[in-house]
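Given next are the chains, with one letter for each unit.
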Amino acid sequence: MEPYIRMVGITKKFPGVVANDSVNFEVYKGEIHALLGENGAGKTTLMRVLYGLYRPDAGKIYVNGNEVKIGSPTEALRLGIGMVHQHFSLIPYFTVAENVAIGLGSWRNGLEIEKIKAMIKDVSEDLGLYVNPDAYVHQLSVGERQRVEIIKMLVRGVNVLILDEPTSALTPQESQQLFNVLKRMKDGGRGVVLITHKMYEVMEVADRVTVLRRGRVVLNALKGEISEKALVEAMVGKEVILGSPEKRSVPQKGALSVEGLVVKGDRGEVAVNGISFVVRGGEIVGIAGVAGNGQRELVEAIFGMRKAVSGKITVDGVDITNKDIRDRVSAGLELIPEDRLGTAVIPKLSLFQNAILHERWWDPYSKMGVLSISKARDLAKRIINSFGVATPNEQVQAGSLSGGNIQKFVVGRSMARGARYLIAVNPTAGLDVAATDSVRKTLVEFRNSGGAVLLVSEDLDELLSLSDRLYVIYRGKLVKEFLPQFDRLAIGEAMMGGQQ
Amino acid sequence: MNYIKGIQIVFFIIIGLLVSSLSFLMFHISPLNGLASLIDSGFGSSIALLETLKVTTPLLIMAVGLSVPFTAKFWNIGGQGQLIIGEIAATATGLALSPYLPPPLVITASMGAAFVGGAAWAMPPTIMKIKFGANEIITTLMMNFVAVYLLDYLLIGPMEGSQAKLVHAPASNPIPASDMLPKLVSTVGLSAGIIIALALAGLFYFILNYTNFGYELRVIGESRNAAKYAGIKADRRILESMAISGGIAGIAGMVLVFGTTQILIPQFFSDISTAYGYVGIPVALIASLNPLAIIASSFFLAGILNGAYIMEALYSVPIDVVITIYGTIMLFSMIGVIGDVFKALRRWIK
């Protein structure tokens with residue numbers, strides 16, 4: 001059978017990264033094709049190329065055997081390709097029918113709302129896509145809104161529907177309903193691309209699987225031909241990890257301890273559901289997991305940027321659960337946040353102003369609330385010199401530095417005070433090889449000198465090479481602890497929610 | 001960097017002046033002559049300069065107060081209402097205490113009352129923002145209208161002066177001359193208010209640049225996430241900054257009554273000469289919220305305003321024309337404040 005869509009040799013580069021590297025990808029009518037891979041593997045990029053949101057740097061796309069250039073979503077839709085994004089684009093104070101009408105440009109084409117309702121009924125009834133066309137979108141649940149997005153695509157007559165991690169915000173029941181809809185779409189002769197990093201979804205609905213890893217296709221097969229284990233292995237790779245680059249030191253006394261921590265997410269859902277662990281001086285404890293399983297909420301709660309619903313956090317036996325960040329920093333805790341330019345540093349302030357973000361409370365950086373600029377500059381110079389931050393001076397805006405140098409500065413700052421407990425979140429994400437190496441070395445040296453590191457990362461290689469112990473977080477829980485030698489496959493499986 | 005920005009802003013103010021002077025053509029006055037006499041009327045003689053300083057006083061105080069929450073990117077558009085409440089509180093306090101206390105104490109108490117009144121008036125919108133997310137630009141602005149009508153009511157009711165009753169022109173009783181702020185130059189009536197204004201500018205330059213409080217406001221303004229990470233209690237800081245801003249606006253009102261008008265009269269929406277709360281906004285922004293630079297920007301705009309009145313008297317140019325000029329200057333100077341003109345030019349040349 002001829003594929004409906006054939007992408008050949010697609011390459012898409014962003015500054016510093018090759019998101020897609022000569023990727024081949026095919027979509028057949030009457031099939032659900034799962035596109036699997038870790039965060040940052042290039043799945044969404046590939047589909048955005050197909051949907052006309054990105055222009056590929058190289059490669060060709062064929063639809064129905066004809067070569068096409070897809071310059072915009074409008075052109076993609078004309079070719080019968082539709083996409084439902086992770087974040088919906090619906091107008092809350094319009095009804096379902098009105099939202100659908102906007103997509104059809106009905107003010108231009110003279111379509112009346114009754115006709116739109118009939119069209120909605122037409123495309124949705126057979127598929128079991130139940131939603132009231134007169135309901136206002138703000139009244140709908142997440143699952144229902146998603147159905148509206150799917151209907152929007154269907155009324156435009158798409159032959160292939162791309163869904164970007166469609167179940168990430170859904171309840172299990174809603175996910176099940178969605179899968180039923182997808183199966184019926186497939187039976188009706190449409191093609192579906194399901195971007196996901198959840199193994200059970202692949203096993204449940206997919207007919208064909210493509211696995212991307214670091215922008216390359218590492219596996220492409222029919223589901224029946226392949227085992228779950230082989231899929232995990234393809235996703236996480238099978239390079240041998242030699243372990244920590246420096247000697248492992250003996251855990252020392254003193255610890256960051258978390259007991260029965262429960263934290264809510266932004267939408268009020270339970271994001272961290274009873275997590276307990278201990279990080280002792282002289283060890284790096286890794287937290288592995290697919291993004292969105294509660295890592296962010298866990299870290300924010302430990303550092304005091306988010307309230308803990310229940311549970312206890314202690315540093316050296318001192319309860320800091322409900323303390324201010326000031327007290328946490330004073331107790332020896334520091335955080336290297338994931339978001340470098342929005343959280344870790346203030347891009348428009350100078351380096352020396354950024355240097356005192358957590359120092360400004362104390363002598364000599366402030367006395368009676370009055371800052372000492374000269375001491376702040378001394379501190380900034382010290383960080384710049386000891387951590388090799390490449391910058392003309394300490395007075396330039398932090399935002400003018402490269403990502404790697406900003407991160408060196410942030411890492412250096414977090415240690416300037418003599419913190420003993422360090423939480424690092426994706427500390428090398430987006431950095432070049434040299435900067436990555438420098439940051440990792442700093443973390444290892446910190447551990448060797450008796451510091452404790454909680455390393456939360458989406459980069460499994462980083463976790464495996466740095467961690468002394470490692471937990472896997474899945475749906476707000478630490479599902480498993482791993483010790484060296486790490487079993488990469490087992491970790492990968494636990495991350496995907498297997499073996500529970 | 002700041003240096004370049006400063007040149008850029010001044011450059012655009014000059015362009016704004018030139019463009020706006022075209023409106024003199026409507027009155028058969030050559031634009032450059034019109035501009036020259038406008039500047040001459042505002043800055044050209046020692047009398048003009050002293051008059052301009054008189055207008056500068058409340059404008060400078062107001063803009064310094066506004067720069068505090070503006071640093072945290074919290075937009076207090078309610079300076080005018082806070083000023084009015086400050087006037088009311090100061091006048092009521094002054095009139096009530098005058099028979100019993102010596103002038104220095106009356107003045108101090110009135111100033112304190114003005115601060116508290118203005119600060120209190122700034123609280124409801126701030127709390128509404130913090131608790132319910134209500135847009136402060138709207139709510140602070142709406143509070144101005146409430147204040148304007150409250151003043152109207154008081155001046156035909158509880159605070160109506162005995163003279164005013166006779167002539168049917170709403171006004172309060174006058175503050176006794178002995179309780180007024182001391183005059184620095186009696187001929188034009190320049191009061192010690194200008195010293196208060198300069199002192200506040202100096203104080204807040206220090207606070208915004210050299211204290212933890214100012215630092216935290218800046219971090220809040222730049223990034224709420226960074227503020228959270230820095231352990232800043234953003235809601236509390238914003239509440240404090242608004243109390244300060246409202247309080248200082250109140251002091252501007254007090255200085256206006258105790259330094260210049262002596263009586264309390266109704267405010268008219270269209271009258272830019274008394275709308276310090278609104279004029280203060282661009283004055284603060286042109287100065288990039290730097291209180292020392294606000295001294296310069298408030299003096300400059302006060303001179304333009306002052307010159308406008310004299311032009312109206314001398315050449316029968318309606319003051320509305322000058323308001324147009326004023327608006328045009330604001331428009332152009334904002335390009336200088338917000339835009340990175342040099343970058344844009346470089347791109348354009350390429």
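All values derive from a computational prediction rather than experimental measurement.

Brief notes about the domain arrangement of chain A
Residue and element names in this part refer to chain A. Per the domain assignment, the segments making up chain A are domain 1 (5-236) and domain 2 (252-495). Tallying the contact residues gives 10 residues for domain 1 and 13 residues for domain 2. Note on domain 1 versus domain 2: buried area summed over both sides is about 1,100 Å², and carbon and sulfur give 52% of it. Sorting the residues of domain 1 by area buried against domain 2 places Asn-39, Val-232 and Val-236 first, and these three jointly supply 40% of that buried surface. Put simply, domain 1 and domain 2 have three salt bridges between them. Lys-229 serves as the salt-bridge partner of Glu-493, at 3.9 Å between the closest nitrogen and oxygen.

Describing the packing of helix 3 (residues 96-104) of chain A against helix 5 (residues 113-124) of chain A
Residue and element names in this part refer to chain A. At a minimum axis distance of 9 Å, the contact between helix 3 and helix 5 shows a crossing angle of 95°. Comparing the axis directions of helix 3 and helix 5 gives the class roughly perpendicular. In this structure, helix 3 uses Val-96, Ala-97, Glu-98, Val-100, Ala-101 and Leu-104 to contact helix 5, whose residues at the interface are Ile-113, Ile-116, Lys-117, Met-119 and Ile-120. In terms of residue class, the contact of helix 3 with helix 5 is made up of nine nonpolar, no polar and two charged.

Description of the sheet that holds strand 13 (residues 284-288) of chain A
All names here are of chain A. In spatial order, the strands read 16-19-20-13-21-22; together these six strands make up an open sheet with mixed pairing. At either end of the open sheet lies a strand with only one pairing partner, and these are strand 16 (333-336) and strand 22 (477-482). The sheet shows a mean angle of 20° between the axes of neighbouring strands, direction not considered. Across the sheet, helix 10 (residues 295-303) is in contact with strand 13, strand 16, strand 19 (421-425), strand 20 (452-457) and strand 21 (469-474); its angle to strand 16 comes to roughly 145°. Packed on one face of the sheet, helix 18 (residues 488-495) meets strand 13, strand 21 and strand 22 and runs near 25° to strand 21.

Things to note about the packing of aromatic side chains
Within the structure shown, the criterion is met by nine aromatic pairs over all chains. Here B:Phe206 and B:Tyr210 contribute two aromatic rings whose centre-to-centre distance is 5.9 Å and whose plane-to-plane angle is 20°, an arrangement assigned as stacked. Within this pair, B:Phe206 and its partner B:Tyr210 are both found in helix 8 (residues 193-210), separated by four residues, close to a single helical turn. For B:Tyr210, a relative accessible area of 30% puts it in the partly exposed group. These aromatic residues form a ring-pair network of at least three members: B:Tyr205, B:Phe206 and B:Tyr210. The ring centre of A:Trp362 lies 3.9 Å from the NZ or CZ of A:Arg417, which sits over that ring.

Comments concerning the side chain of A:Thr436
Turning to its location among the elements, A:Thr436 is positioned in helix 16 (residues 433-448). Setting aside its immediate chain neighbours within four residues, A:Thr436 contacts A:Thr428 and A:Leu431.

Let's talk about the interface of chain A and chain B
The interface of chain A with chain B comprises 27 residues on the first partner and 19 residues on the second. Counting across the chain A and chain B interface gives two salt bridges. Of the charged contacts, one joins B:Lys233 and A:Asp324 as a salt bridge, the two residues approaching to 2.8 Å between their closest N and O atoms. At the level of secondary structure, the elements contributing two or more residues to the side of chain A that touches chain B comprise strand 16, helix 12 (340-344), helix 13 (351-355) and strand 18 (370-371) of chain A. Ranked by the residues each element gives to the side of chain A that touches chain B, the list is headed by helix 12 of chain A, at three residues. Of the residues that constitute the side of chain A that touches chain B, the class distribution is 14 nonpolar, seven polar and six charged.

Re the packing of helix 3 (residues 46-71) of chain B against helix 13 (residues 291-315) of chain B
Residues and elements named next belong to chain B. The N-to-C vectors of helix 3 and helix 13 enclose an angle of 135°; their axes lie 7 Å apart at closest approach. Relative to helix 13, the element helix 3 is oriented oblique. Helix-helix and strand crossings are classified by hand; for helix 3 and helix 13 the assignment is right-handed. In contact with Ala-48, Leu-49, Glu-51, Thr-52, Leu-53, Val-55, Thr-56, Leu-59, Leu-60, Ala-63, Val-64 and Ser-67 of helix 3, helix 13 contributes Pro-291, Ile-294, Ile-295, Ser-298, Phe-299, Leu-301, Ala-302, Gly-303, Leu-305 and Asn-306. Looking at the contact of helix 3 with helix 13, its residues break down into 15 nonpolar, six polar and one charged.

Looking at the pattern of salt bridges
All names here are of chain A. Counted under the stated rule, the structure contains 32 salt bridges over all chains. Residues Glu-31 and Arg-208 are paired through a salt bridge, measuring 2.8 Å at the closest nitrogen-oxygen approach. Taken together, the residues span a long stretch of sequence, with Glu-31 in the loop between strand 2 (17-27) and strand 3 (32-36) and Arg-208 in strand 9 (residues 208-213) at a distance of 177 residues. What makes Arg-208 buried here is its relative accessible area of 14%. Arg-447 serves as the salt-bridge partner of Asp-468, at 3.0 Å between the closest nitrogen and oxygen. Within this pair, whereas Asp-468 is found in the loop between helix 17 (460-466) and strand 21, its partner Arg-447 is found in helix 16, the two being separated by 21 residues in sequence. Through salt bridges that share partners, Arg-213, Arg-214, Asp-461 and Arg-488 make up one connected network.

Remarks on unusual backbone geometry
Residue and element names in this part refer to chain A. Cis rather than trans, the peptide bond between Asp-363 and Pro-364 has omega equal to 5°. Inspection of the secondary structure puts Pro-364 in the loop between helix 13 and strand 17 (366-367). Even without a glycine there, the phi angle at Glu-165 is positive, about 40°. Relative to the helices and strands, Glu-165 resides in the loop between strand 7 (160-164) and helix 7 (172-187).

About the cut-offs
Just so you know, the residues in each chain are numbered from 1, in the order the chain's sequence is written. Chain labels run from A onward and ligand labels from 1 onward, assigned in the order the entries are written. Per-residue local features of the predicted model are confined to residues with pLDDT of at least 70, and side-chain atom pairs are confined, for both listing and counting, to 80 or more; whole-chain, interface and lining totals are unaffected and use all residues. Hydrogens are left out, water is left out, and the side-chain values use all remaining heavy atoms of the structure. As used throughout, domain bounds are those supplied by an automatic or database domain assignment. Here, two residues are considered to be in contact whenever any of their heavy atoms come within 4.5 Å of each other. Put simply, buried area is how much 1.4 Å-probe accessible surface two parts lose in total, over both of them, once they are put together. Salt bridge, as used here: a side-chain nitrogen of Lys or Arg that lies within 4 Å of a carboxyl oxygen of Asp or Glu. Convention adopted: a line fitted to C-alpha atoms gives each axis, helices being fitted over their contacting stretch, and angles between N-to-C directions are expressed from 0 to 180 degrees. Secondary structure elements follow DSSP: runs of H or I no shorter than four residues count as helices, runs of E no shorter than two count as strands, and numbering proceeds from the N terminus. For classification purposes, angles smaller than 35 degrees are called roughly parallel, those larger than 145 roughly antiparallel, those between 65 and 115 roughly perpendicular, and all remaining angles oblique. Under the scheme applied here, ten amino acids are nonpolar (Ala, Val, Leu, Ile, Met, Phe, Trp, Tyr, Cys and Pro), four are charged (Asp, Glu, Lys and Arg), and all others, including Gly, are polar. Should DSSP find at least two bridges between two strands, the strands are taken to pair. Each Phe, Tyr or Trp ring, with Trp reduced to its six-membered ring, pairs with another whose centre is within 6.5 Å; inter-plane angles below 30 degrees give stacked pairs, above 60 give edge-to-face pairs, and intermediate values give tilted ones. Note on exposure labels: buried denotes an accessible area under 20% of the residue type's maximum, exposed denotes more than 50%, and partly exposed covers the range between, all computed with a 1.4 Å probe on protein chains only. Placement of a positive charge over a ring is assigned whenever Lys NZ or Arg CZ falls within 6 Å of the ring centre and within 35 degrees of the normal to the ring plane. Crossing handedness: left-handed means the near helix sits turned counterclockwise from the far one by under a right angle, and right-handed means the same turn made clockwise.

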